[in-house]
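Residue-level structural notes
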Amino acid sequence: MNAAIIFGLLLALMLTGMPISISLGLTVLSFLFFMTDVPIDAVALKLFTGIEKFEIMAIPFFILAGNFLTHGGVARRMINFATSMVGHWHGGLGLAGVMACALFAAVSGSSPATVVAIGSIILPAMVAQGFPKNFGAGIITTSGALGILIPPSIVMVMYCVATTGHPQAASIGQMFIAGVVPGILLACFLGFTTWYRARKFGYPRLPKASFAQRMHALRESFWGLLLIIVVMGGIYSGIFTPTEAAAMAAVYAFFVAVFIYKDMPLRRVPKVLLDSASMSAMLLYIITNAVLFSFLMTSEQIPQNMAAWILDQNMGVWVFLLVVNIILLAAGNFMEPSSIVLIMAPILFPVAMKLGIDPVHFGILIIVNMEVGMCHPPVGLNLYVASGITKMGITELTVAVWPWLLTMLIFLGLVTYVPALTLWFPRLLGFM
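Overview of the structure. Not measured: the values here are computed from a predicted model.

1. Description of the overall build of the protein chain
Counting its secondary structure elements, the protein chain contains 21 helices and zero strands. For the protein chain, the C-alpha radius of gyration of 22 Å lies close to 22 Å, the compact-globule estimate for 432 residues. If one aligns the C-alpha atoms of the protein chain with their principal axes, the spans along those axes are about 70 × 45 × 45 Å. Buried positions account for 55% of the 432 residues belonging to the protein chain. Residue pairs at least 24 apart in sequence account for 79% of intrachain contacts in the protein chain once pairs closer than 6 positions are excluded. Taken as a whole, the protein chain presents about 17700 Å² of accessible surface, with 71% of it coming from carbon and sulfur. Taking the 19 positively charged and 14 negatively charged side chains of the protein chain as two groups, their mean positions are separated by 21 Å.

Written as structure tokens, this is what we have:
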């Protein structure tokens, strides 16, 4: 009964158009004040301790690094490098877009940032070369979603924060290393779809770049690509933690954008800092309220009761994972990824652990679901970002993305039921 009241109130507030963070906070406070006798100081303490975690500091630093890279010419150089490598294949510029999105995802940690940085440069070039706008828009909208699967990923950090406290919770380092193989594999899947459709419809190809041209493009993009090694190499070698790596990434991105590439004058730095602070504040506010919501769930024994009910139904792992995918894909119709992870992970995670599902595998499954949700209406973040770049309507974009969206759904099925795809690489490196 309590669960029905809580979720009914949350849904009612969300349907009014209220921001998800405020809906969460009002739901919790209303229920605690009118339905329980939890002392007010316990609520205040939980609000403070909810974001008093060292891991959460990674989020504003990765956002800052991504903003420096987006405005600092790194994306353009990565596109040039990708074009020199795969531009001569069928749909060359489209394939370069997929590859550039994968490379930029490995330094930014954000899907919208990847769509903006790569899409704003490569889409006009594709249209100028004779590609249909729909084709380019479909590629960039879906490939941009790699930003939350290829590490470092802000959503992965949120998954770890949301499940902190459970004895089997995965670490940020484990999640980052587990995202490498699925991220590369999804990029290959999206690339294959791009190549197949380009070959089928006879879209243009670029002349093959010479070895010297490729080396020049590599030298130009070297400082941006080096960030991947700095961040991921530092984490995996144990030199610094993921949070320290995020701080390193922010400082490094600033140095590269301002002093090496010199594409960002110093006078623009305050605006980048302000934009990053604004986005960080928004995410941290959502996290704070989601932690409070998770506290309410736990105090009302809702995850534990749900786990007991599912186990009583003798629901096997296969059926449970199918149900999880359906729930998360449905949630993707109404909420953005950060909110879904922070609300659903604390509820579904204990059930998954009781069924013997690996926490890292479960986390990657959630992330891939979030990727799909970012690319379909009505609230797909990437659709709205791509709409701003392409000046296309949401309906038109929805039609444009369907071949790649279908590819992502096939990949989701593969990740869901073949855990080895996610787990073999962390195990190989001794992270699990």
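There is more to say, and it comes next.
2. Digging into helix 11 (residues 180-201)
Taking 1.5 Å as the rise per residue, helix 11 with 22 residues should run 32 Å; its terminal C-alpha atoms sit 32 Å apart, in good agreement. Gly202 sits one or two residues past helix 11 and shows a positive phi near 70 degrees.

3. Side note on the packing of aromatic side chains
Here the structure, examined in full by the defined rule, presents 18 aromatic pairs. Summarising the aromatic geometry, the rings of Phe7 and Phe293 are spaced 6.0 Å apart at their centres and angled 80 degrees between planes, so their arrangement reads as edge-to-face. With Phe7 in helix 1 (residues 2-15) and Phe293 in helix 14 (residues 269-299), this pair connects stretches of sequence that are 286 residues apart. Exposure remark for Phe7: the relative accessible area of 30% places this residue in the partly exposed category. Among the residues examined, Phe293 registers a relative accessible area of 1% and is labelled buried. Aromatic side chains Phe192 and Tyr196 sit 6.4 Å apart centroid to centroid with 20 degrees between the ring planes, which places their arrangement in the stacked category. Pair noted here: Phe192 and Tyr196 are both in helix 11, with a separation of four residues, about one helical turn. Since its relative accessible area comes to 44%, Tyr196 is described here as partly exposed.

4. Observations regarding the layout of surface pockets
Roughly 540 Å³ of volume is contained in the largest pocket. Lining the largest pocket are 30 residues, with Pro112, Met279, Met282, Leu283 and Leu381 sitting closest to its centre. Breaking the lining of the largest pocket down by element, the ones donating at least two residues are helix 2 (20-35), helix 4 (58-71), helix 7 (111-129), helix 9 (154-162), helix 14 and helix 17 (337-354). Looking at the lining of the largest pocket residue by residue, the class counts come to 18 nonpolar, 11 polar and one charged.

About the thresholds
Residues numbered from 1 in each chain as written. Predicted model: local features only at pLDDT ≥ 70, side-chain atom pairs only at ≥ 80, totals over all residues. Heavy atoms only, no water. Helix = DSSP H or I, 4+ residues; strand = E, 2+ residues; numbered from the N terminus. Rg over C-alpha atoms; globule rule 2.2 N^0.38 Å. Buried < 20%, exposed > 50% of the residue type's maximum accessible area, 1.4 Å probe, protein only. Contact = heavy atoms within 4.5 Å. Areas by Shrake-Rupley, 256 points an atom, 1.4 Å probe, with all protein chains shown as cover. Lys, Arg positive; Asp, Glu negative; His and termini not counted. Charge placed at Lys NZ, Arg CZ, Asp CG, Glu CD. Expected span 1.5 Å × (residues − 1). Phe/Tyr/Trp six-rings, centres within 6.5 Å; stacked < 30°, edge-to-face > 60°. 1 Å grid on protein atoms, 1.4 Å probe; cavity = no way out; pocket = protein on both sides within 12 Å on 5 of 7 lines; lining within 4 Å. Points joined across faces, edges and corners; volume = space filled by probe spheres on them. Nonpolar A, V, L, I, M, F, W, Y, C, P; charged D, E, K, R; others polar.

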